[in-house]
Amino acid sequence: MSEGLTWTVYDADSMTQAEIYGQVLCDLGDQHPEIVGLSADLANSTKIGKFGQKFPERFFNVGIAEQNLFGVAAGLAKSGLTPFVSTMATFVSMRACEQVRTDICYQNLDCKIIATHGGASFGQAGSTHHCTEDLSIMRSFANMTVIVPADGIECANAVKACIDWPGPVYIRIGRGFEPKFYDDEEYGFQIGKAVTLMEGTDITLICCGVTVLQAMEAAKFLKENDGLSVRVLNIHTIKPIDEEAILKAVMDTRRLAVFEEHNVMGGLGSAVADVIAASGKGCAFTKVGIPDCYCEVGYPEDLYTHYKLDADGVIETVRQVMQMDFEEDDDWEDEV
Amino acid sequence: MALSTNEIKDLEQHAWQARQDIIDITGWSGGAHIGGGLSVADILVILYFKYLNVDPKNPQWEDRDRFIMSKGHAGVAYAPVLARKGYFNFDDLQTFNKFKSPFGMHLDCLKVKGVDVSTGSLGHGLSIAVGLALGARLQKKDWYTYCVLGDGECNEGSVWEAAMSASHFKLNNLITFVDRNRLMIDGETEDVMGLEPFADKWKAFGFIVKEVDGHDFNQLSEAIDFAKAEKSGPVVIIANTAKGKGVDFMENEVKWHYGGLDTDLRAQAKASVDKLYGKA
């Protein structure tokens with residue numbers, strides 16, 4: 001395999017975190033003969049090709065034809081199999097948008113999508129290969145579950161969990177260079193349940209994907225240097241969103257900031273905002289992401305810094321949110 | 001094997017019934033895709049009453065043949081054929097298009113018994129058919145997948161993505177039809193977006209092509225028998241049809257892609273169908 005140029009999600013050759021996920025899928029393939037794999041000339045880039053090497057008769061490469069990719073996956077699902085489909089997030093969510101919506105979600109099929117190169121993880125490729133719209137698109141499809149794992153270990157957890165989770169699932173990952181966050185799989189991953197990474201009472205940082213590590217680093221810094229008590233929630237499941245964790249954060253900390261590798265419109269930040277707005281509770285709130293523009297070109301690390309999604313950017317945002325005014329309800333505790 | 005006289009008589013009876021039903025539903029619903037429904041009716045009739053190995057008492061039977069109406073707007077023809085096959089009561093179709101009816105004009109597989117795949121947006125069905133055929137082969141099942149496309153639908157690029165993959169995977173358990181009625185919403189196929197040389201296109205994409213009169217049960221039967229026996233790859237049956245077939249004032253009239261029928265027109269249309277089948 002190439003030197004980790006892209007997600008080695010099914011690559012068991014080296015001890016990268018991505019290898020862990022690869023091992024999980026191949027193990028699942030042993031246990032679940034109904035699993036089939038599909039890609040569209042990105043078997044190597046997404047590394048779903050590893051599954052294909054282990055189970056060649058259960059792997060289908062349809063060439064550069066993403067609309068057909070998801071139609072074929074729908075047919076395979078209808079024949080009683082469980083397709084795992086992998087291609088770049090931009091092609092899943094936009095090139096094949098209608099097939100994902102109409103062939104898979106509308107018919108509520110057990111099709112699991114691993115969308116790679118999400119956000120700005122392939123930043124140097126330019127906007128055609130960035131994907132800062134997919135969470136918004138995917139969460140608007142009824143029946144769809146949307147997950148953004150923090151790293152390879154969480155991705156492995158998501159893959160294992162989605163086997164027993166009914167209906168279509170969209171798992172959005174990066175390109176494979178992402179640093180490891182979790183040390184092991186034993187932290188209680190559950191689809192639809194936020195992971196509380198740090199308890200705090202002054203402000204809650206809500207994050208998913210690559211921003212989880214950055215938010216944690218920022219939280220530790222802010223605790224030591226600003227004396228802040230920061231709560232950090234890894235809301236890996238964008239849909240169904242963990243409303244309880246969000247409302248508890250509103251009640252306990254009254255200040256929330258969301259960080260995501262996505263347009264600020266429609267993604268995790270919007271999902272959290274929906275919950276807050278519906279609760280009728282006032283709180284200080286901001287969402288940080290790509291500010292409704294086509295992302296600049298560059299290596300992901302530089303882009304995360306530019307868009308204030310790295311630890312320094314999180315720290316800067318937190319200090320601003322701590323200064324925000326907002327109106328609290330008098331009978332706050334009775335109602336929440 | 002050629003159809004027996006009795007088989008043809010039986011199929012003709014079903015075809016007469018289907019056309020009567022299509023006219024009734026168009027009347028009840030206020031409007032439907034009647035032209036393309038009438039053009040595809042004979043393909044539906046021969047599949048459901050001669051070829052498809054299905055069990056209306058057990059619609060989800062796992063070894064059944066699969067059928068995909070890729071030109072999903074022909075729900076007005078598909079639904080009554082399913083009803084007459086025994087999946088549900090024909091009278092249920094009085095709700096067609098109405099509030100909270102299970103029957104929208106593009107049939108929903110989660111709401112209508114017997115429908116294997118929800119369709120409506122064109123260019124989706126053949127890909128799903130490819131997936132079903134691959135799934136059958138992988139699971140060593142001997143059921144067939146049948147897919148009906150509209151000719152105008154073949155403007156969609158995704159049809160050709162699917163076609164390329166069907167021949168690449170050498171799917172000899174997939175039988176594709178094109179309802180070649182030569183009309184689309186805006187006019188004749190060759191004026192709106194030319195398809196010819198149509199058979200050559202399919203051949204170039206690796207299909208074995210049979211061209212038949214899509215209203216002739218003997219020719220349809222012969223082509224389906226050929227397709228089932230063909231082991232080298234996928235077969236497409238280009239069925240030359242007439243849009244509005246059976247209703248004299250609709251036949252080959254572009255304006256009857258979609259329309260409604262009042263009581264008088266319904267009677268006129270039914271009389272025309274009766275005449276075609278010698279029942280007048």
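Residues numbered from 1 in each chain as written. Chains lettered and ligands numbered in written order. Predicted model: local features only at pLDDT ≥ 70, side-chain atom pairs only at ≥ 80, totals over all residues.

Selection rule: UniProt positions are given in the numbering used here, feature names are shortened, and annotations may be inferred rather than shown by experiment.
Under an unreviewed UniProt entry, the name given to chain B is Transketolase, and the organism recorded is Desulfatibacillum alkenivorans DSM 16219. The heading Cofactor (unreviewed entry) in the UniProt record of chain B holds the text "thiamine diphosphate". If you open the UniProt record of chain B and go to Sequence similarities (unreviewed entry), you find "Belongs to the transketolase family."

Chain A appears in an unreviewed UniProt entry as Transketolase from Desulfatibacillum alkenivorans DSM 16219. Here chain A is described in UniProt, under the heading Cofactor (unreviewed entry), as follows: "thiamine diphosphate". Word for word, the UniProt comment on chain A under Sequence similarities (unreviewed entry) is "Belongs to the transketolase family."

**Structural notes on the overall build of chain A**
Rules: Secondary structure follows DSSP: runs of H or I at least 4 residues long count as helices, runs of E at least 2 residues long count as strands, and numbering of each begins at the N terminus. For a compact globule the rule gives 2.2 Å times the number of residues to the power 0.38, and the radius of gyration it is set against comes from C-alpha atoms. The exposure label follows from counting other C-beta atoms within 10 Å of a residue's C-beta, where the C-beta atoms are placed from the backbone and the thresholds are 20 or more for buried and 12 or fewer for exposed, leaving partly exposed in between. Two residues form a contact once the distance between their C-beta atoms, set from the backbone, is within 7 Å.
On a plain count of helices and strands, chain A comes out with 14 helices and twelve strands. Relative to the compact-globule value of 20 Å for 336 residues, chain A shows a C-alpha radius of gyration of 19 Å, a close match. In terms of overall dimensions, chain A has a C-alpha envelope of 60 × 40 × 35 Å along the principal axes. For chain A, buried positions account for 58% of its 336 residues. Counting contacts in chain A only where the partners sit at least 6 residues apart, residues at least 24 apart contribute 75% of the total.

**Looking at unusual backbone geometry**
Here A:K239 and A:P240 are connected by a cis peptide whose omega angle stands at 0°. Considering the arrangement of structural elements, one finds A:P240 in the loop between strand 10 (237–239) and helix 10 (243–253). For the peptide bond that leads from B:E196 to B:P197, omega is 0°, which places it in the cis range. Within the secondary structure, B:P197 is located in the loop between helix 6 (189–192) and helix 7 (198–204). Unusually for a residue other than glycine, A:R254 sits at a positive phi of about 60°. Turning to its location among the elements, A:R254 is positioned in the loop between helix 10 and strand 11 (255–263).

**Here we look at the sheet that holds strand 9 (residues 230–234) of chain A**
All names here are of chain A. The condition is simple: DSSP calls a pair of strands paired once it identifies at least 2 bridges connecting them. Inter-axis angles, ranging from 0 to 180 degrees, are taken between N-to-C directions of lines fitted to C-alpha atoms, where helices are fitted over the stretch in contact.
Read from one edge to the other, the open sheet built from five strands follows the order 7-9-8-11-12, with strand pairing classed as mixed. Every interior strand has two partners, whereas the edge strands, strand 7 (195–198) and strand 12 (284–290), have only one. Direction aside, neighbouring strands of the sheet carry axes that sit 20° apart on average. Pairing geometry for strand 8 (residues 203–207) and strand 9, over five bridges, is parallel.

**Considering the nonpolar core**
What counts here: In plain words, the nonpolar core is the set of buried Ala, Val, Leu, Ile, Met, Phe, Trp, Tyr and Cys residues that C-beta atoms within 7 Å link up. Start and end points for every domain follow an automatic or database-based domain assignment.
A:A73, A:I171, A:L205 and B:L44 are the most contacted members of the largest nonpolar core, which has 189 residues in total. Looking at this core, the element that brings in the most residues is helix 2 (residues 34–51) of chain B, giving ten residues. Residue contributions to this core reach at least three from each of two domains, namely domain 1 (17–172) and domain 2 (195–328) of chain A. Setting aside residues up to four positions removed in sequence, A:I171 forms contacts with A:I113, A:I114, A:A115, A:I147, A:P149, A:C155, A:A158, A:V159 and A:C162.

**Looking at the UniProt feature "domain: Transketolase N-terminal" (unreviewed entry) in chain B**
Per the UniProt record, "domain: Transketolase N-terminal" (unreviewed entry) is annotated on residues 23–270 of chain B. The span residues 23–270 of chain B carries 38% helix and 13% strand; its end-to-end C-alpha distance comes to 7 Å.

**Quick notes on helix 8 (residues 217–229) of chain B**
Residue and element names in this part refer to chain B. Put simply, the rule is: Under the convention used throughout, the expected extent of a helix is 1.5 Å for every residue step, that is, one less than its residue count. Read the arc as the range of directions from the helix axis to the C-beta atoms.
Along its 13 residues, helix 8 runs 18 Å from first to last C-alpha, staying within 8% of the 18 Å computed at 1.5 Å per residue. For helix 8, every residue scored as buried is listed here: F217, L220, S221, A223, I224 and A227. Looking down the long axis of helix 8, one finds its buried residues gathered within 165° of arc, a one-sided arrangement.

**Overview of the environment of A:A271**
Residues and elements named next belong to chain A. With respect to the secondary-structure elements, A271 resides in helix 11 (residues 268–279). Residues A271 and L135 lie 136 residues apart in sequence; the distance between their C-alpha atoms is 9.8 Å. Sequence-distant contacts of A271, that is, excluding residues within four places in its chain, are made with R139, I238, K239 and I241.

**Comments concerning the packing of helix 1 (residues 5–29) of chain B against helix 9 (residues 263–276) of chain B**
Residues and elements named next belong to chain B. Using the following cut-off: Roughly parallel means an angle under 35 degrees; roughly antiparallel, over 145; roughly perpendicular, 65 to 115; everything else is oblique. Note on residue categories: nonpolar means Ala, Val, Leu, Ile, Met, Phe, Trp, Tyr, Cys or Pro, charged means Asp, Glu, Lys or Arg, and polar means any other residue, Gly included.
At a minimum axis distance of 10 Å, the contact between helix 1 and helix 9 shows a crossing angle of 170°. Judged on the interaxial angle alone, helix 9 and helix 1 are roughly antiparallel. Of helix 9, the residues touching helix 1 (which contributes W16, R19, Q20, I23 and G27) are R266, A269, K270 and V273. The residue inventory of the contact of helix 1 with helix 9, partitioned by class, reads four nonpolar, two polar and three charged.

**Points about the pairing of strand 11 of chain A**
All names here are of chain A. Inclusion rule: By convention, orient the strands away from the viewer: a clockwise path from the first strand over the helix to the second makes the crossover right-handed.
Burial analysis of strand 11 places nine of its nine residues in the buried class, the great majority of the element. With four bridges connecting them, strand 8 and strand 11 associate as parallel partners. Its bridge partner lying in strand 11, L205 is registered against A257. For strand 11 and strand 12, the ladder comprises six bridges, and the chain directions are parallel. By the bridge assignment, L256 is partnered in strand 12 with F285. In this region the chain leaves strand 11, passes through helix 11 and returns to the parallel neighbour strand 12; the handedness of that crossover is right-handed.

**Looking at the pairing of strand 1 (residues 66–69) of chain B**
Residue and element names in this part refer to chain B. Alternating residues of strand 1 divide into R66 and I68 and F67 and M69, and every residue in both groups is buried. Bridge count for strand 1 against strand 2 (residues 145–150) is four bridges, and the pairing is parallel. Directly across from I68, in strand 2, lies its bridge partner C147.

**Some remarks on helix 13 (residues 311–323) of chain A**
Residues and elements named next belong to chain A. For helix 13, which comprises 13 residues, the first-to-last C-alpha distance of 19 Å matches the rise-based estimate of 18 Å (1.5 Å per residue) to within 8%. Every buried residue of helix 13 is accounted for by A311, V314, I315, T317, V318 and V321. Angular distribution of buried residues about the axis of helix 13 spans 165°; they occupy a single face of the element. Along helix 13, the residues that are exposed and aim more than 90 degrees away from the buried face are Q320 and Q323. In this fold, the buried residues of helix 13 make contact with strand 8, helix 9 (211–225), strand 11 and strand 12.

**What to know about the domain arrangement of chain A**
All names here are of chain A. By domain assignment, chain A separates into domain 1 (17–172) and domain 2 (195–328). Listed by partner, the interface residues are 22 residues for domain 1 and 26 residues for domain 2. For the side of domain 1 that touches domain 2, the secondary-structure elements that each account for two or more residues are helix 7 (134–139) and strand 5 (145–147).

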